[in-house]
Amino acid sequence: VDEATPPWTLQSRTLEGLAGYIRDGKAKRVVVMTGAGISTSAGIPDFRSPTTGLYANLARLNLPYAEAVFDISYFRQNPRPFYTLAHELYPGKYRPTITHCFIRLLNDKGLLLKLFTQNIDCLEREAGVPDDKIVEAHGSFARQSCIECKTLYPDDLIRKHIEEMAIPFCQRKSCGGLVKPEIVFFGEQLPAAFFANRGLPAEADLCIVLGTSLTVQPFASLPGFCEEGVPRLLINQEQVGSLGSRPDDVLLLGDCDDGVRKLAKACGWLEELEALWAKM
Ligand code: CNA
């Protein structure tokens with residue numbers, strides 16, 4: 001929208017306007033959508049940032065193209081690049097960021113309708129966002145199974161394999177297929193929970209999009225399901241998707257942790273947020 005178009009819902013299309021909306025109790029059903037950018041300050045690289053992203057640094061894995069590391073047909077031929085990466089990304093090594101804690105705080109205040117995350121690092125969970133509030137749209141490292149017969153594979157064994165960068169195989173002798181954490185690869189179906197919940201943005205009274213390039217479908221279509229007139233906030237290094245095209249879209253371009261701190265401050269929640277984060 002151009003600057004002359006007035007907002008429909010907010011007092012002003014600014015952080016202050018948005019914080020006013022929250023302080024007035026108008027945001028009671030908040031949907032949050034996140035991506036790799038909320039975990040970069042925890043030390044986990046994103047995919048697409050030009051020099052620091054994983055795709056820019058995958059040369060050492062000798063891939064035919066960067067996305068192959070998460071491509072199911074490539075994995076079948078050569079699982080080693082994925083397991084090299086899994087060794088680096090495996091949960092348990094990283095501390096949630098203040099942005100993860102902000103989502104937890106929204107839930108503690110009874111305002112979180114649902115968190116849709118593309119991340120597989122489980123940091124939202126570690127920050128204390130409850131299981132039933134999270135839709136891990138691209139799966140996670142929480143479980144692993146055989147890619148052929150789907151038999152589950154034990155947690156302790158996958159951990160050992162990933163630590164040692166060894167490739168795990170199905171324990172059923174008659175099968176012997178490759179085992180893979182249940183993160184969604186290109187060419188695989190998204191989890192049922194995504195499809196069961198994808199209508200929820202239409203019920204939201206506030207949408208917050210954090211740290212994602214919004215380039216992977218169908219996740220990228222979620223903010224578009226919010227009703228017209230429902231404020232949408234983007235906190236990201238760059239403008240993405242259709243955020244910024246509606247009269248009540250607020251853009252806070254820059255670092256997520258900085259943006260979240262500014263929002264928390266404007267809502268009067270900053271001390272509480274910092275205290276929560278300090279305990280992580
Ligand atoms: P992406 O395509 O790499 O985009 C990341 C976005 O975040 C970009 O727009 C960046 O500009 C922005 N960004 C990076 N750092 C910051 C920061 N500190 N503050 C604000 N903005 C920042 O990642 P997406 O999540 O959009 O892509 C979807 C893929 C990436 C999903 O399938 C994930 O599984 C996958 N991924 C996940 C992780 C993880 O779990 N932490 C890490 C790397 C990739």
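Quantities reported herein were computed from a predicted structural model and do not represent experimental measurements.

S.K.: I'd like a description of the packing of helix α4 (residues 98-108) against helix α8 (residues 256-267), backed by residues and values.
M.R.: At their nearest, the axes of α4 and α8 sit 8 Å apart, and the two run at 35° to each other. Of the residues in α8, those in contact with I98, T99 and F102 of α4 are C256, D257, V260, R261 and A264. By residue class, the composition of the contact of α4 with α8 is five nonpolar, one polar and two charged.

S.K.: How would you sum up the site of the ligand? Please name residues and give values.
M.R.: Around the ligand, 29 residues are found, and the nearest of them are G35, G37, D46, N119 and Q237. A domain split of the shell around the ligand shows at least three residues from each of domain 1 (1-42 + 96-138 + 190-280) and domain 2 (45-93 + 141-183).

S.K.: Help me get a handle on the sheet that holds strand β2 (residues 112-117), residues and values and all.
M.R.: Taking strand neighbours across the sheet as the criterion, the six strands line up as β3-β2-β1-β6-β7-β8 in an open arrangement whose pairing is parallel. Pairing within the sheet leaves two strands with one partner each, and these edge strands are β3 (134-136) and β8 (249-253). Taking the axes of each pair of neighbouring strands and ignoring which way they run, one obtains an average angle of 15° across the sheet. With three bridges connecting them, β2 and β3 associate as parallel partners. Across the sheet, residue L115 finds its bridge partner in β3, namely I134. Seen against the sheet, α4 touches β1 (30-34), β2 and β6 (206-210) and runs at an angle of roughly 150° to β2. Strands β6, β7 (232-236) and β8 of the sheet are contacted by α8, whose axis makes an angle of about 140° with β7.

S.K.: Help me get a handle on the domain arrangement of the chain, residues and values and all.
M.R.: The domain boundaries assigned to the chain delineate domain 1 (1-42 + 96-138 + 190-280) and domain 2 (45-93 + 141-183). Relative placement of domain 1 and domain 2: their C-alpha centres are 29 Å apart.

S.K.: Quick one: what's the story with the pairing of β7, residue by residue and with numbers?
M.R.: Counted residue by residue, β7 has five buried out of five residues, so it is predominantly covered. Residues R232, L234 and N236 line one face of β7 and the alternating positions L233 and I235 line the opposite face, and both faces are buried. Note that β6 and β7 share four bridges and pair parallel. Paired with I208 across the strands is L233, a residue of β7. Bridge count for β7 against β8 is five bridges, and the pairing is parallel. Across the sheet, residue R232 finds its bridge partner in β8, namely D249.

S.K.: Please provide a residue-by-residue account of the nonpolar core, values included.
M.R.: In this structure, V30, V32, F102 and L273 are the most contacted members of the largest nonpolar core, which totals 54 residues. Considering each element in turn, this core owes the most residues, six residues, to α4. In this structure V30 touches L106, L111, L112, L113, A204, L206 and I208, once residues within four positions along its chain are discounted. V69, F70, C146 and I162 belong to the second largest nonpolar core, which has 13 residues in total.

S.K.: Go over the confidence of the model for the chain with me, naming the residues and quoting the values.
M.R.: When pLDDT is averaged along the chain, the result is 94, and 100% of the positions lie at 70 or above. For this predicted complex, the interface confidence score (ipTM) comes to 0.97, while the overall pTM stands at 0.93.

S.K.: Lay out the UniProt feature "domain: Deacetylase sirtuin-type" (unreviewed entry) in the chain in plain terms, naming residues and giving numbers.
M.R.: Mapped onto this numbering, the UniProt entry annotates "domain: Deacetylase sirtuin-type" (unreviewed entry) at residues 8-270. End-to-end, the C-alpha atoms of residues 8-270 are 28 Å apart, and along that stretch the chain is 26% helix and 16% strand.

S.K.: Any chance you could break down helix α9 (residues 270-278) for me, citing the residues and the numbers?
M.R.: Of the positions making up α9, those classed as buried are L273, L276 and W277. Along the long axis of α9, the arc covered by the buried residues comes to 95°, so they all point the same way. Along α9, exposed side chains directed more than 90 degrees from the buried face belong to E271, A275 and A278. Summarising the contacts, the buried residues of α9 are in contact with α4 and α8.

Here is what the cut-offs are and how they apply
In every chain, residue numbers begin from 1 and rise along the written sequence. In view of the model being predicted, local features appear only for residues whose pLDDT reaches at least 70, and side-chain atom pairs are presented and counted only at 80 or more, with totals across whole chains, interfaces and linings using the full set of residues. Note on method: axes are straight lines fitted to C-alpha atoms, helices fitted across the in-contact stretch only, with angles between N-to-C directions ranging 0 to 180 degrees. Labels follow the DSSP assignment, with helices taken as runs of H or I lasting at least four residues and strands as runs of E lasting at least two, numbered in each case from the N terminus. C-beta atoms are first placed from the backbone for all residues, and any pair lying within 7 Å is then listed as a contact. Each residue gets one of three labels, nonpolar for Ala, Val, Leu, Ile, Met, Phe, Trp, Tyr, Cys and Pro, charged for Asp, Glu, Lys and Arg, and polar for the others, Gly among them. Residues are classed as near a molecule or strand if the C-beta position derived from their backbone is within 6 Å of it. Where each domain starts and ends comes from a domain assignment, either automatic or drawn from a database. Pairs of strands are assigned from DSSP output, requiring at least two bridges between the strands. Three exposure classes are used. Buried residues have 20 or more other C-beta atoms within 10 Å of their own C-beta, exposed residues have 12 or fewer, and partly exposed residues fall in between, all C-beta atoms being placed from the backbone. By convention the nonpolar core is taken to be a set of buried residues drawn from Ala, Val, Leu, Ile, Met, Phe, Trp, Tyr and Cys and joined through C-beta atoms within 7 Å. Confidence per residue, as judged by the predictor, is encoded in pLDDT with a range of 0 to 100. UniProt positions are given in the numbering used here, feature names are shortened, and annotations may be inferred rather than shown by experiment. Throughout, the arc means the angular range of directions from the helix axis out to the C-beta atoms.

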